Every structure is written in structure tokens, then in C-alpha cells.
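Below, each chain spelled out in residue letters.
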Amino acid sequence: MTRSEGRNLAFELLYSLEIQKVGQEELEEQIQLFLQESEITQENVTEYIKQTINGITFQEEEIKKMISQNLKEKWDISRISKVNLALLKLGIYEIVYSKLPYKVVVNEVVELAKKYGEDSSPSFVNGILANIIKQQGL
């Protein structure tokens, strides 16, 4: 399984957790259920998904703050679709906290936005991530 496929699975789990509003106490159980249901057995993929989901959860307030600061005036984070929110959290986490090459992350997250989001999702996600990359001095 490629890193792109792993990222797609991490997004699917993140989106599912967003919809379910899973709390910290249920997180590990939900991750394990997802891995079992998706029949993911590769150690590197399971480790990537666990690290990414736990990292996003741990940094969630800071990530949400970055998203909010980059929205248009009078826009609130609650107006962002769950798909776009999950994509932004994934992208920001990988760029800012995992220090992955931002060009790769942005490209793949925008591709996921095309696949799962609305017509405006790719440009919306790309714009927010581009602003955050500039702010990070990358």
C-alpha cells in the first residue's frame, strides 16, 4: 500500500470521527475498529494512521486556530463542511507537525478534495493550506 493510499484511509477515518464526534476516550477503540474493518495489516500503514489521527487529536485546538485565522472575515469554522475540515486538519498536521514536503501533501489533499468534496473544495482547501505554508515560512 502506498503512502497516498494510507493518506486516503487516514482521511476516511478522520472524516468518520468528525461525523461521529468521537471523544478522546473512544479514539483508540475507533481506530482499531477502522483498521480491522478496512483489513489493514501492513505495520507501516497502521502506524501512520495511528500517529496521524492521534497527532491531529492532540494538536486539534492549534490546528483549528490556524484554520480559523485563514478564513474570510465573518466566516466561522463551523461553516466548513466536514469533508473540507477533515482534509484541512490532515494537510495542516502533515505539513506543520509531521514536516512532510508541503508540495506533496497539498497535491494529495487537493486530489482528495476533488474526489470527496464539493466543486469548490479543491480551491478552498488549496487556498487555506497555501496561506498556512506562507505563515510557516516554508
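That block above? That's the structure.
Cut-off values and rules
- Residues numbered from 1 in each chain as written.
- Predicted model: local features only at pLDDT ≥ 70, side-chain atom pairs only at ≥ 80, totals over all residues.
- Heavy atoms only, no water.
- Core = buried A, V, L, I, M, F, W, Y, C linked by side-chain atoms within 4.5 Å.
- Buried < 20%, exposed > 50% of the residue type's maximum accessible area, 1.4 Å probe, protein only.
- Helix = DSSP H or I, 4+ residues; strand = E, 2+ residues; numbered from the N terminus.

A. Geometry of the nonpolar core. Among the nonpolar cores identified, the biggest contains 44 residues, and Ile 49, Ile 53, Ile 67, Leu 87, Leu 90, Ile 92 and Leu 129 are the most heavily contacted of them. Secondary structure elements with two or more residues in this core: helix 1 (3-20), helix 2 (24-37), helix 3 (43-58), helix 4 (60-69), helix 5 (82-97), helix 6 (102-116) and helix 7 (121-136). For this core, the element with the highest residue contribution is helix 5, accounting for ten residues.

B. Here's a closer look at unusual backbone geometry. For Lys 74, which is not glycine, the phi dihedral falls at a positive 70°. When you line up the elements, Lys 74 lands in the loop between helix 4 and helix 5. Under the relative-accessibility criterion, Lys 74 is labelled exposed at 77%. In this structure, Lys 99 takes a positive phi of about 55° despite not being glycine. Note on placement: Lys 99 falls in the loop between helix 5 and helix 6.

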